[in-house]
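Tertiary structure, described
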Amino acid sequence: MKKFFATAGLAALLMTGVVAQTTPGTIVDVASSNSDFSTLVAAVSAADLVSTLQSAGPFTVFAPTNAAFAKLPAGTVNTLLKPENKAQLVSILTYHVVSGKVPASTVVTLNGKSVATVQGASVRITVNGGKVKVNNANVTAVDIQASNGVIHVIDSVLLPPAK
């Protein structure tokens, strides 16, 4: 009898979509759920970009890992997180974002092309031997789905050109 109720309960949940729902969260939700992006999430918060990256988008984010941020000169991250450096932080972070959902299958067709970022400057995509680079950053994981876009993981922080 207990087995019947357990089976009936599971069937009811499946029919209502409660268990079957697998929609990923927003880009911020997905990044926040992965400890490899804790520095990125802290930076997005300090730059007041959380609500933007939780909006409908869609966005493509080239997301640097904690190890990527660690490659920056000592003290850089702490300096960027200070309120007085917010404009510079926003510029750097938005240089990692492209409007629209650009899956890896499209990124690989952009070899040698420049792609405009939300920041305004463009990044250059190169593909060599199946390896993709954004500027000088290697793409190490692709197509991490979010409800409002896609994340591609990179191993270096992208720095926008000086204005």
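The notes below deal with the structure included here. All of these numbers come straight from a predicted model, not from anything done at the bench. (Residues numbered from 1 in each chain as written. Predicted model: local features only at pLDDT ≥ 70, side-chain atom pairs only at ≥ 80, totals over all residues. Heavy atoms only, no water.)

1. A few points about empty space enclosed by the protein
Quick note on the threshold: The rule is simple: put a 1 Å grid over the protein atoms alone, call a set of points where a 1.4 Å probe fits but cannot get out a cavity, call an open set with protein on both sides within 12 Å along at least five of seven lines a pocket, and count a residue as lining if it has an atom within 4 Å of a point. Grid points are joined across faces, edges and corners, and a volume is the space filled by probe spheres set on the points. Here the nonpolar group is Ala, Val, Leu, Ile, Met, Phe, Trp, Tyr, Cys and Pro; Asp, Glu, Lys and Arg are the charged ones; every other residue, Gly included, is treated as polar.
Under the counting rule described, the total for this entry stands at one cavity of 30 Å³ or more. In this model, the largest cavity occupies a volume close to 30 Å³. For the lining of the largest cavity, the residue count by class is six nonpolar, no polar and no charged.

2. Some thoughts on helix 3 (residues 38–46)
Stated formally: Only protein chains enter the accessibility calculation, which uses a 1.4 Å probe; a residue whose area is less than 20% of its type maximum is buried, one above 50% is exposed, and one in between is partly exposed. Helix and strand labels come from DSSP, where a helix needs a run of H or I of at least four residues and a strand needs a run of E of at least two; each type is numbered from the N terminus. The directions from the helix axis to the C-beta atoms are what the arc is built from. Only heavy atoms enter the contact rule, under which two residues are in contact if any of them lie within 4.5 Å.
When helix 3 is considered as a whole, its buried residues turn out to be Thr39, Leu40, Ala43 and Val44. Across the axial projection of helix 3, the buried residues extend over an arc of 135°, all falling on one side. The inward-facing, buried residues of helix 3 abut helix 4 (50–53), strand 1 (59–64), helix 5 (66–70), helix 6 (76–80) and helix 7 (86–94).

3. A look at the pairing of strand 5 (residues 131–134)
Here is the rule we go by: At least two bridges found by DSSP between two strands is the condition for calling them paired.
Only one face of strand 5 is covered, namely the one carrying Val132 and Val134; the face carrying Lys131 and Lys133 has none of its residues buried. Pairing geometry for strand 4 (residues 122–128) and strand 5, over four bridges, is antiparallel. In the strand pairing of strand 5, Val127 is matched with Val132. Hairpin geometry of strand 4 and strand 5 is characterised by an intervening segment of two residues between the two adjacent antiparallel strands and by a positive phi of about 60° at Gly129. The turn joining strand 5 and strand 6 (residues 137–146), which pair antiparallel and follow one another in sequence, is formed by two residues; a positive phi near 55° is taken by Asn135.

4. Some points on the nonpolar core
Put simply, the rule is: We define the nonpolar core as a collection of buried residues of types Ala, Val, Leu, Ile, Met, Phe, Trp, Tyr and Cys that are connected through side-chain atoms lying within 4.5 Å of one another.
Core analysis: the biggest nonpolar cluster contains 26 residues, and Leu40, Leu53 and Leu93 have the highest contact counts within it. Here the element with the most residues in this core is helix 2 (residues 27–32); it accounts for four residues. Setting aside chain neighbours within four positions, we find Leu93 in contact with Leu40, Ala43, Val44, Ala47 and Leu49. Formed by 16 residues, the second largest nonpolar core is a distinct cluster that contains Phe62, Val123, Val134 and Leu158.

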